[in-house]
Amino acid sequence: MTAHYQPDWSPLQPGFWPDVFGNEHPVAIEVGPGLGEFLQAISQAEPTWNFFAVEQDGKRATAVQRRIDRHQLINARVVWAPAEYVLSLLPGASVDRFHIQFPDPWWKRRHHRRRLMTRAFVAELRRTLKMESTIEFVSDVEDYFAMAQELLNADPDLSEVPTSPELLATTSFARKAAARGWKISASSHRKIR
Ligand SMILES: C[S@@+](CC[C@H](N)C(=O)[O-])C[C@H]1O[C@@H](n2cnc3c(N)ncnc32)[C@H](O)[C@@H]1O
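Conventions adopted
- Residues numbered from 1 in each chain as written.
- Predicted model: local features only at pLDDT ≥ 70, side-chain atom pairs only at ≥ 80, totals over all residues.
- Heavy atoms only, no water.
- Helix = DSSP H or I, 4+ residues; strand = E, 2+ residues; numbered from the N terminus.
- Contact = heavy atoms within 4.5 Å.
- Areas by Shrake-Rupley, 256 points an atom, 1.4 Å probe, with all protein chains shown as cover.
- Lys, Arg positive; Asp, Glu negative; His and termini not counted.
- Charge placed at Lys NZ, Arg CZ, Asp CG, Glu CD.
- Buried < 20%, exposed > 50% of the residue type's maximum accessible area, 1.4 Å probe, protein only.
- Salt bridge = Lys/Arg side-chain N within 4 Å of Asp/Glu carboxyl O.
- Core = buried A, V, L, I, M, F, W, Y, C linked by side-chain atoms within 4.5 Å.
- Near = heavy atom within 4 Å.
- Polar contact = N/O pair within 3.5 Å; in protein donor to acceptor, adjacent residues only side chain to side chain.
- Nonpolar A, V, L, I, M, F, W, Y, C, P; charged D, E, K, R; others polar.
- Pairing = 2+ DSSP bridges.

Comments concerning the overall build of the protein
- Scanning the protein for helices and strands turns up seven helices and seven strands.
- In the protein, the order of α-helices and β-strands from amino to carboxyl end is α-β-α-β-α-β-α-β-α-β-α-β-α-β.
- The C-alpha extent of the protein, read off along each of the three principal axes, is 40 × 40 × 30 Å.
- Within the protein, counting contacts between residues at least 6 apart in sequence, those at least 24 apart form 80% of the total.
- In the structure as shown, the protein presents an accessible area of about 10100 Å², 53% of it carried by carbon and sulfur atoms.
- Where the 24 positive side-chain charges of the protein centre and where its 23 negative ones centre are 7 Å apart.

Things to note about helix α2 (residues 37–45)
- If you check which residues of α2 are buried, you get E37, F38, L39, Q40, I42 and S43.
- Next to the buried residues of α2 lie β1 (27–31), β2 (50–55), α3 (58–70), β3 (76–80), β4 (95–101) and α7 (172–179).

Side note on the pattern of salt bridges
- If you walk through the whole model with that rule in mind, you get eight salt bridges.
- The salt bridge involving R115 is made with D143; its shortest N-O contact spans 3.5 Å. A residue pair is termed long-range when its members are at least 10 positions apart, and R115 in the loop between β4 and α5 (119–128) and D143 in helix α6 (residues 142–154) qualify at 28 residues.
- The exposure class assigned to R115 is buried, which follows from its relative accessible area of 4%.
- Residue classification places D143 among the partly exposed positions, given a relative accessible area of 40%.
- Residue R193 is joined to D157 by a salt bridge in which the shortest nitrogen-to-oxygen separation is 3.6 Å. Here the residue R193 occupies a position in the segment after β7 (185–191), and D157 occupies one in the loop between α6 and β6 (158–161), the gap between them amounting to 36 residues.
- Taken together, the salt bridges that share partners define one network made up of R126, D155, D157 and R193.

What to know about the environment of Q72
- Take Q72: it is sitting in the loop between α3 and β3.
- Owing to a relative accessible area of 65%, Q72 belongs among the exposed residues under this scheme.

Observations concerning the nonpolar core
- The biggest cluster of nonpolar side chains holds 33 residues, and the ones touching the most others in it are W17, I29, F52, F98, M117 and F121.
- Going through the elements one at a time, α1 (17–21), β1, β2, α4 (83–89), β4, α5, β5 (129–139) and α6 are the ones with two or more residues in this core.
- The element best represented in this core is α6, accounting for five residues.
- Once residues lying within four places of it in the same chain are set aside, the contact partners of W17 are G22, V27, I29, F52, L90 and S94.

A word on the site of the ligand
- Around the ligand, the structure places 19 residues, and the nearest of them are G32, E55, R60, A83 and Q101.
- The side chain of E55 places a nitrogen or oxygen atom 2.5 Å from an oxygen atom of the ligand.
- Within the contact set of the ligand, a nitrogen atom lies 2.8 Å away from a backbone nitrogen or oxygen of Q101.
- In the complex, the protein chains occlude 94% of the 590 Å² of accessible area that the ligand would expose alone.
- Elements with a minimum of two residues in the shell around the ligand: β2 and α4.
- Residue composition of the shell around the ligand, grouped by class: eight nonpolar, five polar and six charged.

Regarding the pairing of β7
- For β7, the tally of buried residues reaches five of seven residues, placing the bulk of the element in the interior.
- In the sheet, β5 pairs with β7 via six bridges, with the strands oriented antiparallel. When the bridges of β7 are listed, E136 appears paired with S188.
- Here four bridges tie β6 to β7, and the two strands are oriented antiparallel to one another. Within the sheet, the bridge partner assigned to V161 lies in β7 and is S188.

These figures come from the coordinates and say nothing about function on their own.
So, in structure tokens, the structure goes:
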């Protein structure tokens, strides 16, 4: 098994992605890939894109790396780190798409502050996103989805656009939600200025 991709943790300079992937293809970041099912599916479906997954749980990051190795996903990488930290290292306008699928719901109200989607995180998504690029968001938790939409829609530099069904996840979380009869909601927001 190859090691997780380990950048030196210093702010990255514009134009660093070709050093990571060895080509100039557009780069999508998946925040919280879990076991990497979506990462595998999308990196195989879109060979002319690169996919950079950021997973804060070490065991899951290792599972994703194993999947990358097993399936020889040459256009996929995973790092073990909190996404907030990785994004803080990225130059502005350096990402061609974000995927956030089924973020941890943190059901209890007193735990809501641990949720990934905050005003500050949305500002970082927007800062690092290239113009005309999108944030693809999926959740099966109604109030979390509504809260995330409020944050995304409140940003004047982002505009909601129709979602593309081929960008949706078919992960264990998606299957569980469907089996429970939960509604899966998806949104897409484009950076417009
Ligand atoms: C509910 S799981 C969903 C996994 C996957 N997206 C899927 O649909 O199967 C949420 C994942 O996000 C990861 N995660 C949560 N907060 C994170 C953060 N701040 N940075 C990176 N990963 C995070 C968790 O460790 C977990 O693997």
